[in-house]
Amino acid sequence: MAIPRAAKTQRRTRIQEEKEEQILEAALNVFSRSGFRGSTIDQIAEVAGMSKPNLLYYFRTKEAMHRALIDRVLENWLEPLKAFDAEGDPEQEIRSYIRRKLEMARDFPRESRLFANEVLAGAPHIEDVLKGPLKELVDEKAEVIRSWVRAGKVRDCDPRHLIFSIWSTTQHYADFDVQVKAVLGTGRKTMNRFDDAATFLETLFIQGLIPKPSTGG
């Protein structure tokens, strides 16, 4: 995890912590809009409302700010997947995962775009995370899904592609929110788009994955 420069030199004061959060908030706005390559320290300093030298006291480089944000995003973004419980009811676990991912798309659209921009650029700053901790977590949860398949609780499927599908269909509502709102138009459909998306996606995945009980006869 990236550590702010001020934190390395001394115990941080409340004011220093507030300044770091102010800088990261500004950096999130700039990076999520312009991507890493299209962003500059000068732009971030301007949005943060502080001088460039003052900003550089807290974060020595643009890379340090970007990595601090990416680390934070990944930590929060992966919590719903970590909560995937092998002992839980598969239908409820899948419904809950879809709901939580859509809530994050609704509440953290800038963070989603920050991550998407990094991946689209070839993940130059987080390739180690993708190939390490992220892959390990996906492998672990893929085995959970396989255990449900073996128990006859879920139809046979490729668990990794199932996880990819949930990622793509839920994060679409953050990364392409402008398009979603434009197509839905004004009114209730746009206002309720996340609830409607949750209902649709739950139905789509549950009907495709959960076997129907045998009626006997």
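For the structure, see preceding data.
Owing to the predicted nature of the structure, the values given are computational and were not obtained by experimental measurement. (Residues numbered from 1 in each chain as written. Predicted model: local features only at pLDDT ≥ 70, side-chain atom pairs only at ≥ 80, totals over all residues. Heavy atoms only, no water.)

### Some remarks on the nonpolar core
In step 1: Judged by nonpolar contacts, the single largest core of 30 residues is most densely connected at I94, L102 and F205.
In step 2: For this core, the secondary-structure elements that each account for two or more residues are α7 (90–107), α9 (127–150), α10 (159–175) and α13 (193–209).
In step 3: With 7 residues, the top contributor of residues to this core is α13.
In step 4: When neighbours within four sequence positions are excluded, L102 is seen to be in contact with T170, Y173, F194, A197, A198 and L201.
In step 5: The next biggest cluster of nonpolar side chains, apart from the first, holds 29 residues, and it includes V30, I70, V73 and L114. (Core = buried A, V, L, I, M, F, W, Y, C linked by side-chain atoms within 4.5 Å. Buried < 20%, exposed > 50% of the residue type's maximum accessible area, 1.4 Å probe, protein only. Helix = DSSP H or I, 4+ residues; strand = E, 2+ residues; numbered from the N terminus. Contact = heavy atoms within 4.5 Å.)

### Things to note about the environment of T61
In step 1: With respect to the helices, strands and loops of the structure, T61 is situated in the loop between α4 (52–58) and α5 (62–77).
In step 2: Classification of T61 by relative accessible area gives partly exposed; the value is 31%.
In step 3: The sequence separation of T61 and Q16 amounts to 45 residues, and the corresponding C-alpha distance is 17 Å.

### Some remarks on unusual backbone geometry
In step 1: In the Ramachandran plot, A123 falls in the positive-phi region, its phi being about 55 degrees despite a non-glycine side chain.
In step 2: With respect to the helices and strands, the residue A123 is situated in the loop between α8 (109–120) and α9.

### Re the packing of α8 against α10
For any two helices packed against each other, the geometry comes down to the angle between their axes and how far apart the axes lie.
In step 1: α10 packs onto α8 with a crossing angle of 110 degrees between their chain directions and a minimal axis gap of 8 Å. Between α8 and α10, the angle is such that the two are roughly perpendicular. For the pair α8 and α10, contact is made by P109, S112, R113 and A116 and by Q171, A174 and D175, respectively.
In step 2: Residue composition of the contact of α8 with α10, grouped by class: 3 nonpolar, 2 polar and 2 charged. (Axes fitted to C-alpha atoms, helices over the stretch in contact; angles between N-to-C directions. Parallel < 35°, antiparallel > 145°, perpendicular 65-115°, else oblique. Nonpolar A, V, L, I, M, F, W, Y, C, P; charged D, E, K, R; others polar.)

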